[in-house]
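Understanding the architecture of this molecule
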Amino acid sequence: MSETAASGPDRQPIWSRPERGSRGPAPAHSRDDIVVAAINLADTEGLAAVSMRAVAAALGTGAGSLYRYLSSRDDLLDLMTDRAVGELRPYPQVEGDWLETMVLLGRRQLALFGAHPWLLDVIHRPSGIGPQSLAWFDNCIRILEPVRCPVAAKFETIAMMTGVVSLFARRESAAGAFSFAGVDLAAYPHLVAAFRQPSGPAPQADLVERTLRSLLTGLLLGESTDVG
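Fair warning: this is a prediction, and the values are worked out from it, not measured in the lab. Numbers given to residues run from 1 along each chain, matching the order in which its sequence is written. The predicted origin of the model limits local features to residues at a pLDDT of at least 70 and limits the giving and counting of side-chain atom pairs to 80 or more, whereas totals for whole chains, interfaces and linings rest on all residues. In computing side-chain properties, one takes all heavy atoms of the structure into account and sets aside hydrogens as well as water.

With respect to the overall build of the protein chain
Secondary structure elements follow DSSP: runs of H or I no shorter than four residues count as helices, runs of E no shorter than two count as strands, and numbering proceeds from the N terminus. If you tally the helices and strands in the protein chain, you get 9 helices and 0 strands. Under the scheme applied here, a residue whose accessible area is under 20% of the maximum for its type counts as buried, over 50% as exposed, and between as partly exposed, the area being computed with a 1.4 Å probe on protein chains only. A buried classification covers 38% of the 228 residues belonging to the protein chain. In this analysis, two residues are considered to be in contact whenever any of their non-hydrogen atoms come within 4.5 Å of each other. Sequence-distant contacts in the protein chain: of pairs separated by 6 or more residues, those separated by 24 or more amount to 77%. Counting only carbon and sulfur atoms, one obtains 56% of the accessible surface of the protein chain, whose full area is about 12,900 Å². Using a 1.4 Å probe, the Shrake-Rupley method yields the accessible areas, and only the shown protein chains count as cover for residues.

Right, here's the structure in full:
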């Protein structure tokens, strides 16, 4: 079976399938063992290094044996994504107001992307929404219960928050990669004028916090309604 077999929109989610096939010898590893090995490989060598063969080698077994637990590399990526999202637990209790708690969750997401950079490339896969991802959404909806706006706005805001946090994570991973050094800016007068202006006092909150606060209040309070 190929590493991309059994993929596509009609693929049965890995979480609804038995942990291993009913045939063959007794398992030497669990599905969780496989996922942990794959995550360790992705953390150290990048997502491209994660193949069924490479994960099997890390476990000291043959690639064919992994197909007793998984149908394809897509299954493995889904399991890796969901397990990583599970590291956002334990979820904080709402102490103070919902906005403070959501900003805290956004910062936790940013830290998660920093710990697992490969997650940025798989987090948006529709097939990767497993039990931990659903628990994350459920927790966010719990926190947003006091906000009186349409539930659709809440789901959109949670998705947008993840998207914005992922952009910050990509920016951090590429820090120092861009510079105007050696570039003749004479043909770009607006840039030159902007660079000559005083920067002004530093904001009290960093850009991540300011962005999350603006996003959350703009999308949720802007949709405020008397309907819970």
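Considering unusual backbone geometry
Note that the residue after R89, namely P90, is joined by a cis bond; omega there is -5 degrees. Within the secondary structure layout, P90 lies in the loop between helix 4 (73–85) and helix 5 (98–115).

Some words on the environment of E145
Turning to its location among the elements, E145 is positioned in the loop between helix 6 (131–143) and helix 7 (151–173). The exposed category is assigned to E145, whose relative accessible area is 58%. Sequence spacing of E145 and W98 is 47 residues, and the spatial spacing of their C-alpha atoms is 8.5 Å.

Description of the pattern of salt bridges
A side-chain nitrogen of Lys or Arg and a carboxyl oxygen of Asp or Glu constitute a salt bridge if their distance falls within 4 Å. The full count for this structure, using the stated rule, is 8 salt bridges. Between R213 and E100 there is a salt bridge; the shortest N-O distance is 2.9 Å. With R213 in helix 9 (residues 207–220) and E100 in helix 5, the pair connects residues that are 113 residues apart, well separated along the chain. Relative accessible area serves as the criterion here: at 22%, R213 is assigned to the partly exposed category. A single salt-bridge network, built from bridges that share partners, covers E100, R107, D206, E209 and R213.

Points about helix 4
Look at helix 4: 18 Å from first C-alpha to last across 13 residues, which is about the 18 Å you get at 1.5 Å a residue. Where burial is concerned, most of helix 4 is hidden: 11 out of the 13 residues are buried. Contacts made by the buried residues of helix 4 are with helix 1 (31–45), helix 2 (52–59), helix 5 and helix 6. Measuring from the backbone nitrogen of D74 back to the side-chain oxygen at the start of helix 4 gives 3.3 Å, which picks out S72 as the cap. Here the expected span of a helix is defined as 1.5 Å times the quantity of residues minus one. Polar contacts here mean pairs of N or O atoms no more than 3.5 Å apart (in protein, one a potential hydrogen donor and the other a potential acceptor; neighbouring residues in sequence count only if both atoms are side-chain atoms).

A few points about helix 9
Between its terminal C-alpha atoms helix 9 stretches 20 Å, which fits the 20 Å expected from 14 residues at 1.5 Å a residue. Buried residues of helix 9: V208, L212, L215, L216 and L220, and no others. Seen end-on, helix 9 carries its buried residues on one side only, within an arc spanning 95 degrees. Looking at the buried positions of helix 9, the neighbouring elements they touch are helix 5 and helix 7. Picture the helix axis, draw a direction to every C-beta atom, and the arc is the one those directions span.

A closer look at a nonpolar patch on the surface
Each patch is built from residues that are more than 30% exposed by relative accessible area and take part in no salt bridge. Like charges join if they lie within 9 Å; nonpolar side chains (Val, Leu, Ile, Met, Phe, Trp, Tyr) join within 5 Å. A grouping of F180, V183, Y188, L191 and F195 is seen on the molecular surface, where their side chains present a nonpolar patch of about 460 Å² in accessible area. Within the secondary structure layout, V183 lies in the loop between helix 7 and helix 8 (189–196). For V183, a relative accessible area of 44% gives the class partly exposed.

Thoughts on the nonpolar core
Nonpolar side chains in soluble globular proteins tend to end up buried together. Among buried residues, those of type Ala, Val, Leu, Ile, Met, Phe, Trp, Tyr and Cys that are joined through side-chain atoms within 4.5 Å constitute a nonpolar core. V55, L76, M80, W98, M102, W118 and W136 are the most contacted members of the largest nonpolar core, which totals 57 residues. The leading source of residues in this core is helix 5, at 8 residues. When neighbours within four sequence positions are excluded, W136 is seen to be in contact with V85, L88, Y91, L105, Q109, I158, M161 and T162.

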